[in-house]
Amino acid sequence: MTASLPFSPARTVTLLLALLGAALYLDRTERAAKPAAAPVRTLPKDFDAATAWVLTSFHEPNGATRGLHLSYSADGFRWTELRARDSKPMLVPKIGDRILRDPSLCFRNNRFHLVWTSSWGGTGNASLGFGYASSADLLTWSAQQFVRVRHERADAINVWAPELLCEAGAPVQVVFASMFEGESLPDSCEAHPQRLFSVHTSDFRTWSPPRELHPAGRHERTALHGGPSTPSYIDAMVLPLGVDDTKELRPKRYLLLYKDERLGVKALRASVGGGPAGPWTPLKSVGEFGKVHCAEGPTAFIASDGSIHVLYDRYRLDDCAHFCKDVTPRYGLLRCKPPENGAFACEEASGRASFTREQRHGGAIALPAPKLRALLATGALVEGSAPA
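Each chain has its residues counted from 1, running along the sequence as written. Predicted model: local features are reported for residues with pLDDT of at least 70 only, side-chain atom pairs are reported and counted for 80 or more only, and whole-chain, interface and lining totals are derived from all residues. Side-chain numbers come from the whole structure's heavy atoms, not from hydrogens or water.

*Asks:* How should I be thinking about the overall build of the protein in this particular structure?
*Replies:* In terms of helices and strands, the protein carries 2 helices and 22 strands. With a 1.4 Å probe rolled over the protein chains alone, any residue whose accessible area is under 20% of its type maximum counts as buried; one over 50% counts as exposed, and the rest are partly exposed. Per-residue burial for the protein yields a buried fraction of 50% across its 388 residues. In the protein, of all internal contacts separated by at least 6 residues, the share reaching a separation of at least 24 is 57%. Of the roughly 18,600 Å² of accessible surface on the protein, 54% is carried by carbon and sulfur atoms. Helix and strand definitions follow DSSP, with helices as H or I runs of at least four residues and strands as E runs of at least two, each counted in order from the N terminus. Throughout, a contact is declared for two residues whenever any of their heavy atoms are within 4.5 Å. The Shrake-Rupley method, run with a 1.4 Å probe, gives the accessible areas here. Residue values count only the displayed protein chains as cover.

*Asks:* For this particular structure, what's the right way to read the packing of aromatic side chains?
*Replies:* What characterises a pair of aromatic rings is the spacing of the ring centres plus the angle enclosed by the ring planes. Here a pair means two rings of Phe, Tyr or Trp (six-membered ring of Trp) with centres within 6.5 Å. Their orientation is stacked below 30 degrees between planes, edge-to-face above 60, and tilted elsewhere. Going through the model one piece at a time under the given rule, you end up with 11 aromatic pairs. Ring geometry for Phe204 versus Trp207: centroids 6.2 Å apart, planes at 75 degrees, classification edge-to-face. Of the two residues, Phe204 and Trp207, both sit in the buried class. Residues Tyr233 and Tyr258 carry aromatic rings whose centres are separated by 5.1 Å and whose planes lie at 75 degrees to one another, so their mutual orientation is edge-to-face.

*Asks:* Is there a simple way to think about the confidence of the model for the protein in this case?
*Replies:* Residues shown with low pLDDT carry predicted positions that ought not to be read at fine detail. Taken as a whole, the protein shows an average pLDDT of 83; of its residues, 77% reach a score of 70 or greater. A residue's pLDDT is simply how confident the predictor is in it, with values from 0 to 100. Predicted confidence for residues 1-5 stays below pLDDT 50, and this span has 0 contacts to residues more than four positions away or in other chains. Scored below 50 in pLDDT, residues 219-227 makes 14 contacts in the model with residues more than four places away or belonging to other chains.

*Asks:* Explanation requested: helix α2 (residues 369-377) in the structure shown.
*Replies:* For an α-helix the count is 3.6 residues per turn, leaving residues at separations of three or four pointing the same way. Residues of α2 that are buried: Ala369, Lys371, Leu372, Leu375 and Leu376. The buried residues of α2 occupy one face: seen down the axis, they fall within an arc of 160 degrees. One or two residues past the end of α2 sits Gly379, with phi positive at roughly 85 degrees. In this description, one arc is meant: the one made by directions from the helix axis to the C-beta atoms.

*Asks:* Would you take a moment to explain the pairing of strand β2 (residues 68-73) for this structure?
*Replies:* The side chains of a regular strand alternate between both faces of the sheet. With 6 of its 6 residues buried, β2 lies for the most part within the structure. Burial along β2 is two-sided: the face carrying Leu68, Leu70 and Tyr72 and the face carrying His69, Ser71 and Ser73 are both buried. Both strand β1 (residues 51-58) and β2 contribute to a ladder of 6 bridges, which runs antiparallel. Note on β2: the bridge partner recorded for Thr56 is Leu70. Both β2 and strand β3 (residues 80-84) contribute to a ladder of 3 bridges, which runs antiparallel. Bridge assignment links Tyr72 to a residue of β3, and that residue is Thr80. Being paired, for any two strands, means DSSP has found at least two bridges between them. Turn length for the β2-β3 hairpin, with the two strands adjacent in sequence and antiparallel, is 6 residues, and the turn residue Gly76 shows positive phi of about 85 degrees.

Next up, the structure:
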């Protein structure tokens, strides 16, 4: 007796071909469902300058979810967003009130150093400080630290908008704003005036006591540009300008940019000083710089042509500064000349600029182009927007 096969050879071939076709279909379907891998990008091939720029940002609400955002520019005008290839957040806040606002970055000793507003404030040491972390590649960060600011006064309320200044051969400086319960400012959106301070470190572990900065001069207690007489300043940053060719000894100069927080003003201001902590002399605003109202978070860098690019964040505010209610929120750019004869002259250049979506108050730094090329060449850091 002979056994019969369950399938004839012809039917077996037909079944195998059907299974092969199904497998190929499933493979194509699976590959189509997967997002295409982000291309590895570098700086433009025609970019031969020695310097590029990196700009930090946070997204609402308060940087709590996606944390740090970055973009870069090869010309100081057009900015391209960067993200991790795996789309994971670069740095999510884990300290303080778990917010990340006003991020400021610098590059020192081949590492990136970042500080940010980490707490809303409130009397007590738990909120009087800012966040700090460091990284070699902008993706893998050290453990987050809460840098406590030890004000002499017990009624300090907050530490907001820390801004880094890293110069070779000098201690690192962080400028920030604080308010105090014992001072009132009834003619402002805030109940208390903001005052500027700086702290210093050489190792990012030990920090000096805070020292007050006086943007309008140590003895200046009256309005320079009209409005209420009680000063209130925030969002300060310091930009080294190099030597002063108008002086015989050519001393180094520094530009201080900040926001005049007084109600009825809400504008950007500038002062010049002989050191990173002053003393400061106010500069007269010429051209468009003095016309930018309802703006905050100025940051600046020296472009390849020697001009100063000032980036700023315009905002709408309905409930307090009513003259800001009709402002169209946007991120802007001013192109300025180095301070001369006590004046700071700027022209509006926002029309030449393009920024990433939801760009908010951040800080811009110059970075050696080879370093940025190397970061992009690894493929771990790519162009493109991270998921919301």
